[in-house]
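One letter stands for each residue in the lines below.
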Amino acid sequence: MGSISDLTRPKAFITGITGQDGSYMAELLLAKGYEVHGTVRRSSLSNRGRIAHLCDRQDCFEKTFFLHHADLEDVTTLRRLLFKIEPQEIYHFAGQTHVGLSFEIPESTCEVVAMGTLRLLEILRDMPQKPKFFNPASSEVFGQPAASPQDENTPFLPVNPYGIAKSFSAHMVRFYRNAFNLFASNAIVYNHESPRRGEHFVSLKICRTVAEIKMGLQTHLSLGNLDSQRDWGDARDYVRAFWLIMQQDKPDDYVIATGKLHSVKDMVKEAFGVVGLDWEKYVRQDPRFFRPVEPYSLVGNPAKAKEKLGWEPQISFSAMIGDMVTHELKRLEKTAGK
């Protein structure tokens, strides 16, 4: 039998733990004394870079930090794991998260993002001790909003398959919260970046290519619409908000955003500024990178999160981009030194 601290240690279950948000969430929860369980797809066996440091920690791996093979399509395995682990909190990050890619694979995007969330909610509905459930929706659910900034009452008008799938999952979370009295909350999350951002996202593409140009490994950076604007925040700030949402007495939905707009060009200027280069000498626009449908400028109003959660972003846009470029430079220097 474990010690009293082991018996009272809260348990969390994270889907998509190898991703940007999942890995930062695992770190935060472990630091707060949780026992953390995460799902890993078998196809992700070689894609554990974001959690490798946790797997190497002898003080927590297989003690308070556990990995389990599971896919969102495999309901039997998910059910077995959740009934066995009996977590108090579930953080659901697994799924296809790339907007541009969703135009190419709309069916699989909806299968994983929409139906994957529904399958989890159905399992929770049957559990004797129902855990709290966190679902990250996306600002893409707003698509072409009539009002700016957007808040929790802004209607959903998605304009791409990813936004449509996220809209479905957010509505399902609300439905299960109201119909079955589940503690199920949505965060309508705006773009958030970090050194752990996926390679298909424009933020990492910019920061990585800038580092490669500085190191003499690339000659130029090809991008689509430089005037496209987003509300960009830092993932490390955002996972704090996710945890705070789960600590509330009642479930609810919250916009998690900075409330500030920046363009792709702003990001480019910041990134090249880190390495002391003139961005205009290296950037080329390529029509291949323009989206079939560009959403309007999406900027969130985080007033409710500030009031109810006591949350505010702490890492600035400039500091975030600087951190990402510096991380890429160090990675390249380490690779070159091998």
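Up top is the structure.
Remember, predicted model here, so these are calculated numbers, not experimental data.

Asker: What should I look at first to understand the pairing of strand 11 (residues 253–256) in this one?
Answerer: The two faces of a sheet get side chains in turn, since along a regular strand they alternate between them. On strand 11, burial covers both faces: Asp253 and Val255 on one face and Tyr254 and Ile256 on the other are all buried. In this structure, strand 6 (residues 184–189) lies alongside strand 11, joined through 4 bridges in parallel fashion. Counterpart to Asn186 in the pairing with strand 11 is Asp253.

Asker: Before we go on, may I ask you to explain the sheet that holds strand 6 in this structure?
Answerer: Strand-to-strand pairing in sheets goes through backbone hydrogen bonds, with the strands running parallel or antiparallel. Pairing is parallel across the open sheet formed by 7 strands, whose spatial order is 3-2-1-4-5-6-11. Edge positions in the sheet fall to strand 3 (65–69) and strand 11, since each of these pairs with one other strand and no more. On average, each strand axis in the sheet is tilted by 20 degrees relative to the strand beside it, whichever way the strands run. Note: strand 2 (residues 35–40) against strand 3, 5 bridges, orientation parallel. Of the residues in strand 3, the one forming a bridge with Thr39 is His68. Sheet strands touched by helix 2 (residues 20–31): strand 1 (11–15), strand 2, strand 3 and strand 4 (89–92). Its angle to strand 1, the strand with the most contacts, is close to 170 degrees.

Asker: Sorry, what's going on with the environment of Ser23 here?
Answerer: Position of Ser23 relative to the elements: it lies in helix 2. Expressed as a C-alpha distance, the spacing of Ser23 and Leu223, which sit 200 residues apart in the sequence, is 28 Å. A polar contact is formed between the side chain of Ser23 and the backbone oxygen of Gln20, at a distance of 2.9 Å.

Asker: Where do I start with helix 8 (residues 202–214) in this structure?
Answerer: Three- or four-residue spacings in an α-helix give side chains the same orientation, since the helix completes a turn every 3.6 residues. Its 13 residues place the ends of helix 8 18 Å apart at the C-alpha level, agreeing with the 18 Å of an ideal helix rising 1.5 Å per residue. Inspection of helix 8 places Ser203, Leu204, Ile206, Cys207, Thr209, Val210, Ala211, Glu212 and Ile213 among the buried residues, and these make up the whole buried set. Tucked inside the fold, the buried residues of helix 8 contact strand 7 (192–193), strand 8 (221–223), helix 10 (264–274) and helix 12 (317–336).

Asker: I would appreciate a short explanation of the layout of surface pockets in the present structure.
Answerer: By volume, the second largest pocket is sized at about 230 Å³. If you trace the second largest pocket, you find 15 residues lining it, with Thr258, Lys260, Pro313, Ile315 and Ser316 closest to the centre. Partitioned by chemical class, the residues of the lining of the second largest pocket number 7 nonpolar, 5 polar and 3 charged.

The rules behind these values
Residues numbered from 1 in each chain as written. Predicted model: local features only at pLDDT ≥ 70, side-chain atom pairs only at ≥ 80, totals over all residues. Heavy atoms only, no water. Buried < 20%, exposed > 50% of the residue type's maximum accessible area, 1.4 Å probe, protein only. Helix = DSSP H or I, 4+ residues; strand = E, 2+ residues; numbered from the N terminus. Pairing = 2+ DSSP bridges. Axes fitted to C-alpha atoms, helices over the stretch in contact; angles between N-to-C directions. Contact = heavy atoms within 4.5 Å. Polar contact = N/O pair within 3.5 Å; in protein donor to acceptor, adjacent residues only side chain to side chain. Expected span 1.5 Å × (residues − 1). 1 Å grid on protein atoms, 1.4 Å probe; cavity = no way out; pocket = protein on both sides within 12 Å on 5 of 7 lines; lining within 4 Å. Points joined across faces, edges and corners; volume = space filled by probe spheres on them. Nonpolar A, V, L, I, M, F, W, Y, C, P; charged D, E, K, R; others polar.

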